[in-house]
Amino acid sequence: GCQPSVVASALAFHPPNPPTYSMILTADQEPDVEHPRSSSLEIENSPDHEAMVADSQLHRTVTAVSQLKPGASLHTQFRLIDELPKVTFPNVQAHLLRTRQRTVVPIFYFPVAGAKYTMIFSHGNAADIGVMFNTFEFMAKLLKINIVGYDYSGYGASFGTYPTEKQTYQDIVAVYEWCRQQGIVKKPEKEIILYGQSVGSGPTCYLARRQPVAGVILHSPFLSGLRVITPSRLLACFDIFPNIRDLPRVTCPVFILHGQRDMEVGFAHGQQLYELLPGKFRYPPWWVPDRGHNDVLHGNEREFIRR
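Residues numbered from 1 in each chain as written. Predicted model: local features only at pLDDT ≥ 70, side-chain atom pairs only at ≥ 80, totals over all residues. Heavy atoms only, no water.

A.B. asks: For this particular structure, what's the right way to read the overall build of the chain?
C.D. replies: Each helix and strand counted, the chain has 10 helices and 10 strands in total. Within the span of the chain, comprising 307 residues, buried residues form 50% of the whole. Taking the contacts inside the chain whose residues are at least 6 apart along the sequence as the reference set, 69% of them involve residues at least 24 apart. Of the roughly 14,700 Å² of accessible surface on the chain, a fraction of 52% belongs to carbon and sulfur atoms. (Helix = DSSP H or I, 4+ residues; strand = E, 2+ residues; numbered from the N terminus. Buried < 20%, exposed > 50% of the residue type's maximum accessible area, 1.4 Å probe, protein only. Contact = heavy atoms within 4.5 Å. Areas by Shrake-Rupley, 256 points an atom, 1.4 Å probe, with all protein chains shown as cover.)

Okay, here's the thing in structure tokens:
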């Protein structure tokens, strides 16, 4: 039969393996659960002490998250892999959010005092929020807005599932609701900006069509998943992320940026999406010369802020 979710998992999602960061509970949050394989004494005396401690912490974290009610979250500690730049942003928060589908969504929240807007950032298919951490810092500092970066279920510090198109929709809805429950935003139609990069344009357009937001930014977006490969509709039942259908129904300003030398998602995708927008919601686009799919902002950071 026709199983688009299987196609999406196989072709659209490539989470970094291993993840580029980890999240574990703080000491005062760790539940009183005996590690199934090792006692505290065995861990302390083991030659693999550090690895076993980390394994024990992970087990406690998984246990605690599995006991959460849907929509609830845990505040955690986090660590980026050594190859990534050092953390420079003060007061970054890490959370593990339990969705209504009982998957786990990791979140990095960058609070900025007095921020007028909060950006929910949906990243590309081969990244996770550890890879994106430096970008989040840059945007929070220079734009002076709150940043909420999240991983799709099955990415990063998430566990127990595989990413699918449908689940990414549920994930961004859960993050949107979490922002309201946490009091980060009170009026989403005036405060929330959605940012979708590449595959992230899919859940971004999905949510923007269905929930009130202040604005949308689409970075190297596509018309739909299958249209990246072929314009033919013979395999339409396998198509995923129909931005071509959702975006014209969005009722807020939309800013599209796309590299003119993008060889992965052709520049024409961004152009056609722009043409589909109702005139009053067309924010002037940015067609970036001499840039491809993943380097649109490289060397153009100040221009991005200006726009």
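A.B. asks: Explain the packing of aromatic side chains here, please?
C.D. replies: For any two aromatic rings, the description comes down to two numbers: the centre-to-centre distance and the angle of the planes. Here the structure, examined in full by the defined rule, presents 21 aromatic pairs. Taken together, the ring pairs connect Y21, F78, F89, F108, F110, F121, F133, F136, Y195 and F304 into an aromatic cluster. If you follow R282 out to its NZ or CZ, it ends over the ring of Y274, 5.1 Å from the centre. (Phe/Tyr/Trp six-rings, centres within 6.5 Å; stacked < 30°, edge-to-face > 60°. Lys NZ or Arg CZ within 6 Å of the ring centre and 35° of its normal.)

A.B. asks: Where do I start with the side chain of S158 in this structure?
C.D. replies: Within the fold, S158 resides in the loop between β6 (146-150) and α5 (165-181). Overall, the relative accessible area of 11% leaves S158 in the buried class. A distance of 2.6 Å separates a polar side-chain atom of S158 from the backbone oxygen of V104. Here G154 takes part through its backbone nitrogen, which lies 3.1 Å from a polar atom of the side chain of S158. If sequence neighbours within four positions are ignored, S158 has contacts with V104, P106, Y152 and S153. (Polar contact = N/O pair within 3.5 Å; in protein donor to acceptor, adjacent residues only side chain to side chain.)

A.B. asks: When you look at the pattern of salt bridges in this model, what are you seeing that I'm missing?
C.D. replies: Here the idea is simple: oppositely charged side chains can pair when their charged atoms come close. Applying the stated criterion across every chain yields a total of eight salt bridges. Two residues, R282 and E275, come together in a salt bridge whose shortest N-O distance is 3.8 Å. Owing to a relative accessible area of 30%, R282 belongs among the partly exposed residues under this scheme. With a relative accessible area of 52%, E275 lands in the exposed category. When the shortest N-O distance is used, the salt bridge between R306 and E303 registers 2.7 Å. One end of the pair is R306 and the other is E303, both in helix α10 (residues 301-306) and three residues apart, which spans about a single turn. Residues joined by salt bridges that share partners form a network here, namely R209, R210 and D246. (Salt bridge = Lys/Arg side-chain N within 4 Å of Asp/Glu carboxyl O.)

A.B. asks: In this structure, what is going on with the pairing of strand β2 (residues 73-80)? I would like to understand it.
C.D. replies: Regular strands show a simple pattern: their side chains alternate between the two faces of the sheet. Where strand β1 (residues 21-25) meets β2, five bridges bridge the pair, whose relative direction is antiparallel. Across the sheet, the residue bridging to I24 is Q77, located in β2. The pairing of β2 with strand β3 (residues 93-98) spans four bridges and is antiparallel. In the strand pairing of β3, L74 is matched with L96. (Pairing = 2+ DSSP bridges.)

A.B. asks: When you look at the nonpolar core in this model, what are you seeing that I'm missing?
C.D. replies: Nonpolar side chains tend toward joint burial in soluble globular proteins. Counting residues in hydrophobic clusters, the biggest one holds 44 residues, and the most contacted among them are I120, V175, V216 and L247. Elements with a contribution of two residues or more to this core: β4 (104-110), β6, α5, β7 (192-197), α7 (201-210), β8 (215-219), β9 (254-259) and α9 (267-276). At eight residues, the largest contribution of residues to this core is made by α5. Beyond its immediate chain neighbours, meaning those up to four positions away, L247 contacts C205, L218, V254, I256, L273 and L277. (Core = buried A, V, L, I, M, F, W, Y, C linked by side-chain atoms within 4.5 Å.)

A.B. asks: So what exactly am I meant to see when it comes to α9 here?
C.D. replies: Inspection of α9 places F267, H269, G270, L273 and Y274 among the buried residues, and these make up the whole buried set. Around the axis of α9, the buried residues are gathered within 160 degrees of arc, so they sit on the same side. Contacts from the buried residues of α9 go to α8 (243-246), β9 and β10 (286-288). (Arc of directions from axis to C-beta.)

A.B. asks: Explanation requested: the state of the cysteines in the structure shown.
C.D. replies: Cysteine pairs can be covalently joined through their sulfur atoms, and such a bond is termed a disulfide. Tallying each qualifying case throughout the model produces zero disulfides. Not engaged in a disulfide, the cysteine C252 finds its nearest cysteine sulfur in C205; these two sulfurs lie 9.7 Å apart. Owing to a relative accessible area of 3%, C252 belongs among the buried residues under this scheme. (Disulfide = S-S within 2.5 Å.)

A.B. asks: For this particular structure, what's the right way to read the sheet that holds β8?
C.D. replies: The pairing of strands in a sheet happens through backbone hydrogen bonds and is either parallel or antiparallel. Strand order in the open sheet formed by 10 strands is β1-β2-β3-β4-β6-β5-β7-β8-β9-β10, with mixed pairing between adjacent strands. Either end of the sheet is taken by a strand with one partner, and the two such strands are β1 and β10. Sheet twist, expressed as the average angle between the axes of neighbouring strands with direction ignored, equals 25 degrees. Relative to the sheet, α5 contacts β2, β3, β4, β5 (118-122), β6 and β7, its axis offset from that of β6 by approximately 145 degrees. Along the sheet, α7 makes contact with β5, β6, β7 and β8, crossing β7 at roughly 150 degrees. (Axes fitted to C-alpha atoms, helices over the stretch in contact; angles between N-to-C directions.)

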